[in-house]
Amino acid sequence: MNVKRYFARTAREAMSRVRAELGEDAVVLKNRPVDGGVEILALADSELSASEPAPSAPPRGAGDAAPASPMSTVNFENYVRERQQRRLASSRDEPGDAGALDERPGDERATASGFGDEPPRHEERRAPRVEAPAVHVSPGFVRDARSTDDRPDVGMLMNELREMRGALSDQLESLSWFEGVRRRPGQSRMLRRLLQAGFSPSLSRTLANHLPADFGEEDAERWLREALVRNLRIDSPEQTIFDAGGTYALLGPTGVGKTTTAAKIAAQFALKHGAQSVGLITADVYRIGAQDQLRTFGRLLGVPVHVAHDVSTLADFLQMYMNRKLVLIDTAGVAQRDERVGELLAALSSAQVRKVLVVNAASQAEAIDETIEAYQGRNAAGVVLSKVDEAVRLGGALDCLIRHRLTLQGVANGQRVPEDWHRPEPRMLVDRALATESRASASFSFEEAELAMLLAAGQRTAAQRAREARRV
Ligand SMILES: Nc1nc2c(ncn2[C@@H]2O[C@H](COP(=O)(O)OP(=O)(O)OP(=O)(O)O)[C@@H](O)[C@H]2O)c(=O)[nH]1
Ligand SMILES: [Mg+2]
């Protein structure tokens, strides 16, 4: 077997080399931090397949010794296979049919003596009976174990082991990366702060990897803030798309603040340019009372509100408002997983209408991520971050904006119209996000040891997704 050794500064680099040379399915036998970096011992998948016994090979005797060498992924696979074959061989030798025993009605046994409450036998008194945990056995495995030649499906077993091996090697890679980080206090402090603030493991790792090694605490803090501010996109601090005018549809899941945001923007614009410069349309015909809500705001502002029941009336109103500087279309809230999102986007596909996604900063980061995907955020003119006042951790929302490269067009931090509407200020948002530690409840904080697990879990999910994508 041709085991190869790879050395690199980081586990990531070492793994890239392994994959480049041995392929995506390379088998990682050992992964450990060494002086100056990380060492990986690996072999090609084809080597492993070559070492698999032919299906017809007879099982080794039950008295065979367990593997003497340290347990690697390869001999672990062999070990499991042998045990499986041994267990099948011994179950064939046993008298009686174990399956038939299980089928005996339990009640009959319990009442065989005529007393349901028969005192326990000696052994039972000493050791209380513990319910056996339910064991999940895949249906395919059961079928194969009972097949006519009583041979386990080695191919299937190998596939399952390969899956396990992939997951383990991803986790090892992540843990060994984390071991490296622990030796650099600046990096580990930064990781902890970012994760605690709600930023994703993937963005946190990227930032920690780029932190210059010779930076002290203060420099690192400044560097982190600058990196986040630089990556949080805005058009310009003075001029958002709404200041410039145009026709915008506010979209997003239910209750994120679309109608209130439309009223806030319209009010501020009307204050500056006059009520005649603003047009308000509502396309929310799903929810009872939705139109009244915007109408009430419109009345206060002196701006009439029109209800567009379908695409053609919407086109008529847009035509009617041709000369208004700013036209806002309030839409019905549709959950990101609802298939009606597609219909809504299609109904607003006129080139004249630019889409603005309203994102609730207090939502789970994963829900924001899904919302951006479902609403095709990359095609939107920008994003409004609402309910910033309600968010405990702001990192998740900022992380999504950064990773999807969306332009922030405004921030809502309360219910008051129009006072709680603000221009995007990346520096203020980043300061607020990084101040999470003082606000978050202690129950939701984590210790350093838990960080490694969190990162490993994030890494595994990403790697699993990549594997799934490769399979499709
Ligand atoms: N705390 C806080 N509440 C807000 C903010 N924006 C809106 N709200 C409140 O959130 C609730 C829902 O706001 P709406 O504007 O009706 O939300 P929507 O997205 O139009 O809701 P649907 O049309 O039902 O999908 C209301 O009670 C608003 O006052 C905000 O920035 N902060
Ligand atoms: Mg609404």
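As a reminder, the structure under discussion sits directly above these lines.
We now turn to the structure provided with this report. Keep in mind the model is a prediction, meaning the values are calculated, not measured. (Residues numbered from 1 in each chain as written. Chains lettered and ligands numbered in written order. Predicted model: local features only at pLDDT ≥ 70, side-chain atom pairs only at ≥ 80, totals over all residues. Heavy atoms only, no water.)

1. Some points on helix α14 (residues 290-301)
Residues spaced three or four apart along an α-helix point in a common direction, a consequence of the helix completing one turn every 3.6 residues.
Working step 1: Between the first and last C-alpha of α14 there are 17 Å, a value that for 12 residues agrees with the 16 Å anticipated at 1.5 Å per step.
Working step 2: A290, Q291, L294, F297 and G298 are the residues of α14 that are buried. One side of α14 holds all its buried residues, which, seen down the axis, span an arc of 130°. Set apart from the buried face of α14 by more than 90 degrees, the exposed residues are R299 and L300.
Working step 3: Each element contacted by the buried residues of α14 is listed here: α13 (258-273), β6 (278-282), β7 (305-307) and β8 (326-330).
Working step 4: Positive phi appears at G302, one or two residues downstream of α14, with a value of about 80°. (Helix = DSSP H or I, 4+ residues; strand = E, 2+ residues; numbered from the N terminus. Expected span 1.5 Å × (residues − 1). Buried < 20%, exposed > 50% of the residue type's maximum accessible area, 1.4 Å probe, protein only. Arc of directions from axis to C-beta. Contact = heavy atoms within 4.5 Å.)

2. Regarding helix α1 (residues 11-22)
Working step 1: For α1, which comprises 12 residues, the first-to-last C-alpha distance of 16 Å matches the rise-based estimate of 16 Å (1.5 Å per residue) to within 8%.
Working step 2: Within α1, the full set of buried residues consists of A11, A14, M15, V18 and L22. End-on view of α1: buried residues confined to an arc of 100°, all on one side of the axis.
Working step 3: Remark: G23 follows α1 within two positions and exhibits a positive phi of approximately 95°.

3. Considerations on the site of ligand 1
Working step 1: Around ligand 1 there are 19 residues in total, and K258, T259, T260, Q293 and D389 lie nearest to it.
Working step 2: Note that an oxygen atom of ligand 1 is positioned 3.2 Å from one of the backbone N or O atoms of V256.
Working step 3: Within the backbone of G414, a nitrogen or oxygen atom sits 3.2 Å from an oxygen atom of ligand 1.
Working step 4: Across the complex, the protein chains shield 83% of the 650 Å² of accessible surface that ligand 1 would expose by itself. (Near = heavy atom within 4 Å. Polar contact = N/O pair within 3.5 Å; in protein donor to acceptor, adjacent residues only side chain to side chain. Areas by Shrake-Rupley, 256 points an atom, 1.4 Å probe, with all protein chains shown as cover.)

4. Some points on the environment of K258
Working step 1: Locating K258 in the fold gives a position in helix α13.
Working step 2: When its relative accessible area of 5% is taken as the criterion, K258 is described as buried.
Working step 3: Between the alpha carbons of K258 and A332 there is a distance of 8.6 Å; along the sequence they are 74 residues apart.
Working step 4: Residues in contact with K258, not counting those within four places in the same chain, are L250, L251, G252, P253, D330, T331, A332, G333 and V358.
Working step 5: Looking at K258, its side chain comes within polar contact range of the main-chain oxygen of G252, at 3.4 Å.

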